[in-house]
Amino acid sequence: LITAVLVENAMSIANEDAQQQAKELEAKKKKDLRILADIFLEIDADGSGELSHEEFSDALDNPRVMKMMDLIEVKMEEVEEIWNVLDDGDGVLTIKEFSSGLRRMKGAAKSKDIVDTLKKLRQTAIYCAELNTQVQDFTSIMACLEHDVARIQQDTGEVLGLFQEMYHRLDYQMERE
């Protein structure tokens, strides 16, 4: 009975400790998001709600921005590469792209991140292979079309030559009469 009470107390303490750690982790996440939002607003010079590459580059010279980046453990040498990683190709960063992207970059890669990246790479490789097959098919079709166009051009030249010959013969016949 005493062992059961001790185990129950230990389990209760462990459960409370886990809950406390989860609360602390959530509070840290909120703090980081607040810092990231502040960084974004500091960098967004024109107030458009989007960061251009120029605004982002200019921010690298701003000591206050760099101090905020340091608070979330983003190193100076990483900041230069961040734009290429975060930009989805449209040339601007939204606050969501910026904050969630930087949060995901923080810390070591987790196994699930690596697996997810590998999955995306495999999907991209399959897509590239499909595109390559389509390009080869289109190349083959274009070669056939070029051959057909050349044959039509040759046939049209021959028909034109026949029409010219007919014209001259008719013209000759008309002059004789």
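As a convention, each chain's residues are numbered from 1 in the sequence order in which they are written. This being a predicted model, a pLDDT of at least 70 is required before a residue's local features are given, and a value of 80 or more before pairs of side-chain atoms are given or counted; all residues contribute to the totals for chains, interfaces and linings. Working from all heavy atoms in the structure, the side-chain values ignore hydrogens and water.

Trainee: So what exactly am I meant to see when it comes to the confidence of the model for the protein here?
Mentor: Reading fine detail from the predicted coordinates is not recommended where pLDDT is low. Summary statistics for the protein give a mean pLDDT of 84 and a share of 93% for residues scoring 70 or more. pLDDT is a per-residue confidence score from the predictor, ranging from 0 to 100. In this text, helices come from DSSP runs of H or I with a minimum length of four residues, and strands from runs of E with a minimum of two, each type numbered from the N-terminal end. Across the protein, element-level confidence peaks in helix α6 (residues 111–176) with a mean pLDDT of 93 and bottoms out in helix α4 (residues 76–86) with 74.

Trainee: Please explain a negative patch on the surface as it appears in this structure.
Mentor: The patches reported here contain residues having more than 30% relative accessible area and no salt bridge. Joining distances are 9 Å for like charges and 5 Å for nonpolar side chains (Val, Leu, Ile, Met, Phe, Trp, Tyr). Residue exposure ignores everything except the shown protein chains as possible cover, and the areas themselves are Shrake-Rupley values with a 1.4 Å probe. In the sections that follow, a salt bridge refers to a side-chain nitrogen of Lys or Arg positioned within 4 Å of a carboxyl oxygen of Asp or Glu. Positive charges come from Lys and Arg alone, negative charges from Asp and Glu alone, with His and the N- and C-terminal ends not counted. A charge is said to be at NZ when it belongs to Lys, at CZ for Arg, at CG for Asp and at CD for Glu. A contiguous patch of negative charge on the surface is contributed by D46, E50, D88 and D90. Take D88: it is sitting in the loop between α4 and β2 (92–94). With relative accessibility at 54%, the residue D88 sits in the exposed group. Partly exposed describes any residue whose relative accessible area lies between the buried limit of under 20% and the exposed limit of over 50%, with all areas from a 1.4 Å probe on protein chains only and scaled to the type maximum.

Trainee: Would you mind showing me how to read a nonpolar patch on the surface here?
Mentor: Judged by side-chain polarity, F138, I141, M142 and L145 come together as a nonpolar surface patch covering roughly 410 Å² of accessible area. Within the element layout of this structure, I141 appears in helix α6. Given a relative accessible area of 45%, I141 falls into the partly exposed group.

Trainee: Help me understand the side chain of E55 in this model?
Mentor: Here E55 lies in helix α2 (residues 53–59). Residue E55 is classed as buried on the basis of its relative accessible area of 10%. A distance of 3.1 Å separates a polar atom in the side chain of E55 from the backbone nitrogen of D46. Apart from residues lying up to four places away in sequence, E55 is in contact with I43, D44, A45, D46 and E50. Any pair of nitrogen or oxygen atoms within 3.5 Å is treated as a polar contact; in protein, a donor-acceptor pairing is required on top of that, and neighbouring residues in sequence qualify only through side-chain atoms on both sides. Here, two residues are considered to be in contact whenever any of their heavy atoms come within 4.5 Å of each other.

Trainee: Mind showing me how you'd approach the nonpolar core here?
Mentor: The nonpolar side chains of soluble globular proteins are, as a tendency, buried together. As used in this record, nonpolar core signifies buried Ala, Val, Leu, Ile, Met, Phe, Trp, Tyr and Cys residues forming a set joined through side-chain atoms within 4.5 Å. Membership of the largest hydrophobic core comes to 18 residues, with the highest contact counts inside it found for I39, L51, F98 and L102. Within the residue set of this core, elements represented by two or more residues are α1 (2–43), α2, α3 (63–71), α4 and α5 (95–105). Looking at this core element by element, the count peaks at five residues for α1.

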